[in-house]
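# Fold and geometry: a report
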Amino acid sequence: MPTKTSRRAAVAASTPDTASAVPAAKRDRTHYLYIAVIVAVAIGIAVGLIAPDFAVELKPIGTGFVNLIKMMISPIIFCTIVLGIGSVRKAAKVGAVGGIALGYFTVMSLVALSIGLVVGNVLDPGSSLAVTDAVKETGQAQVSAEAKDTTEFLLGIIPTTIVSAFTGGEVLQTLLVALLAGFALQAMGSAGQPVLRGIEHIQRLVFRILAMVMWAAPIGAFGAIAAVTGSAGVDALKSLAVLMLGFYATCFLFVFIVLAALLRVVAGMNILSLFKYLGREFLLILSTSSSESALPRLIAKMEHLGVSKPVVGITVPTGYSFNLDGTMIYMTMASLYIADAMGTPMSVGEQIPLLLFLLVASKGAAGVTGAGLATLAGGLQSHKPALVDGIGLIVGIDRFMSEARALTNFAGNAVATVLIGTWTKEIDKGRVEQVFAGALPFDEKTLLDDGHGGQDTPAADLPEQREEGEKELAKA
């Protein structure tokens, strides 16, 4: 019977052949796939400008692709969290990760709100606009069933049944059920190992289906970008260019100054290296205007990078509801813009209570296209109804601003996962260097790693793999 040491030695000995032969072919196939996505985006923009009416009719194509990915999110989150928590012997560690994550999300949301507040007051782009009756009607139309107060949001985390958490498409409901299942399996000890092994097989199946769905990305990207370009057009952008460009610049500065500095100081990591590693996910978000389209791949890639399953499983899904840096900046600047356009500019004393209210109201707004606008409308309706009429002013460019929102939200969650992994000592720095150097390429075919929480790692061995990390955490 080969020992664990001999098995690891055998795996290590076979690594050079695997890295030099098999992944090269896989990279070639997916390389062409994402070149096709870029080409599809270019064609979609051209179609949107040349034949806008026809382009708008293509919207269901993009929506269908995003829905294909969204249907995979709940099972992926469930499997990832259950395997992560079930492999940890001490429940306190999971609580520590969750507490650190929520604390970090709150601080970064306040930072993003503050930056948006400063830039919005400096630019002051809305003072020259006029609000017509048509604009008012458009604004009121945005206050739909999406608007929820804090109590409804908190109660909405609890699913009607365990099964409905998977069918309702609510990320936080899935997160709750997965946490309960993970802790229950943890308490069962060795009796729960067969269940963990079964969930591990389900995870591989779900990721394989996701890899198949990704081959429809060029078609989905074409439909999504064509519809956006056709519906907004060039004229809608001219009068709002200052707000839109200011928002893009603010998001850029937030990511490459605030997040980059945090990543360098805390984890000693270059943000450009991380973004290069996540380049395909950024392209997917840019083409679909939805950060949710990249959520399953972010989970897989963060685990591949070397962050432990519990940290990834808790930080990424929670971050998609509580760590919306781009949405924070957007709501701040949009609120100030609308107030100026309505002829009722807000003083700093009025701005701060509104923005703190929006901080709470935004929680639970998933990274889906249009969620930012609906959240803004709901927040203004509850806190300052007079401003709702002005929301119609930004409807024309909301889809273009949604691109920056989604990219910034995604970047913030990727950085948060690395930071929280570093703070909890649940990240393999040596593996990170190997991944960034290209020595351990990501498997685009399975989206899972052999020997790193993947196919060749029996569920029964998972608790043993976590013991070393727990000892380091206890010493810290």
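Note that the structure is a prediction, hence the values are computed from the model and not measured. (Residues numbered from 1 in each chain as written. Predicted model: local features only at pLDDT ≥ 70, side-chain atom pairs only at ≥ 80, totals over all residues. Heavy atoms only, no water.)

### Quick word on the overall build of the protein chain
Regarding its fold elements, the protein chain presents 23 helices and zero strands. Here the protein chain holds 476 residues, and 51% of them are scored as buried. Of the roughly 20000 Å² that the protein chain leaves accessible, carbon and sulfur atoms contribute 65%. (Helix = DSSP H or I, 4+ residues; strand = E, 2+ residues; numbered from the N terminus. Buried < 20%, exposed > 50% of the residue type's maximum accessible area, 1.4 Å probe, protein only. Areas by Shrake-Rupley, 256 points an atom, 1.4 Å probe, with all protein chains shown as cover.)

### A closer look at the packing of aromatic side chains
One pass over the structure, following the stated rule, counts nine aromatic pairs. Look at Phe247 and Tyr248: their rings are 6.5 Å apart centre to centre, the planes differ by 85°, and that puts the pair in the edge-to-face class. Taking relative accessible area as the criterion, Phe247 reaches 0% and is therefore assigned buried. Relative accessible area serves as the criterion here: at 33%, Tyr248 is assigned to the partly exposed category. When the ring of Tyr277 is compared with that of Phe436, the centres are 6.1 Å apart and the planes differ by 65°; the resulting orientation is edge-to-face. (Phe/Tyr/Trp six-rings, centres within 6.5 Å; stacked < 30°, edge-to-face > 60°.)

### Quick notes on the nonpolar core
Among the nonpolar cores identified, the biggest contains 114 residues, and Leu263, Leu274, Leu278, Met302 and Val418 are the most heavily contacted of them. It is helix H4 (residues 59-86) that contributes the most residues to this core, twelve residues altogether. What Leu263 contacts, discounting residues up to four positions off in sequence, is Gly268, Met269, Asn270, Ile271, Leu274, Val415, Val418 and Leu419. (Core = buried A, V, L, I, M, F, W, Y, C linked by side-chain atoms within 4.5 Å. Contact = heavy atoms within 4.5 Å.)

### Quick look at the packing of helix H13 (residues 241-267) against helix H18 (residues 325-341)
Interaxial distance between H13 and H18 falls to 10 Å at its minimum, and their mutual angle equals 145°. As for the relative orientation of H13 and H18, their crossing is right-handed in sense. From H13, Leu243, Gly246, Phe247, Thr250, Cys251 and Phe254 reach across to H18, where they touch Asp325, Gly326, Ile329, Tyr330, Met333 and Tyr337. Here the residues of the contact of H13 with H18 sort into eight nonpolar, three polar and one charged. (Axes fitted to C-alpha atoms, helices over the stretch in contact; angles between N-to-C directions. Left-handed = near helix turned anticlockwise from the far one by under 90°. Nonpolar A, V, L, I, M, F, W, Y, C, P; charged D, E, K, R; others polar.)

### Some points on unusual backbone geometry
Even without being a glycine, Lys425 presents a positive backbone phi close to 55°. Inspection of the secondary structure puts Lys425 in the loop between helix H21 (395-423) and helix H22 (429-437).

### Let's talk about the confidence of the model for the protein chain
In regions of low pLDDT, the predicted coordinates are not meant to be interpreted in detail. Of all residues in the protein chain, 71% have pLDDT values of 70 or greater, and the mean over the chain is 74. Contacts of residues 1-28 to residues separated by more than four positions or lying in other chains number twelve contacts, the stretch itself having pLDDT below 50. Segment residues 364-369 is flagged for pLDDT under 50; beyond a separation of four residues in sequence, or across chains, it makes 20 contacts in the model. (pLDDT = per-residue confidence, 0-100.)

### A few points about the pattern of salt bridges
Considering all chains together, one arrives at three salt bridges under this definition. In this structure, Glu281 engages Arg297 in a salt bridge whose closest nitrogen and oxygen atoms are separated by 2.5 Å. Of this pair, Glu281 sits in helix H15 (residues 279-288) while Arg297 sits in helix H16 (residues 295-305), and the two are 16 residues apart along the sequence. Comparing Glu281 with Arg297 shows no difference in burial state: the two are buried. Close ionic contact of Glu281 with Lys301 constitutes a salt bridge, the shortest N to O distance being 3.2 Å. (Salt bridge = Lys/Arg side-chain N within 4 Å of Asp/Glu carboxyl O.)

### Details of the environment of Ile157
Within the fold, Ile157 resides in the loop between helix H7 (150-156) and helix H8 (164-167). Along the sequence, Ile157 and Gln173 sit 16 residues apart, while their C-alpha atoms lie 4.9 Å from each other. With residues up to four places along the chain from it excluded, the contact list for Ile157 reads Leu172, Gln173 and Leu176.

### Quick look at the packing of H4 against H16
Relative to each other, H4 and H16 sit at 35°, their axes nearing to 8 Å. Residues Ile69, Ile73, Ile76, Ile77 and Thr80 of H4 form the contact with H16, whose own contacting residues are Leu295, Pro296, Ile299 and Glu303. Split into classes, the residues belonging to the contact of H4 with H16 amount to seven nonpolar, one polar and one charged.

### Description of a nonpolar patch on the surface
Residues Phe252, Leu253, Phe256, Ile257 and Leu272 make up a contiguous nonpolar surface patch of about 500 Å² in total accessible area. Looking at the nonpolar patch, the element that brings in the most residues is H13, giving four residues. Positionally, Phe252 belongs in helix H13. (Patch = residues over 30% accessible without salt bridge, like charges linked within 9 Å, V, L, I, M, F, W, Y side chains within 5 Å.)

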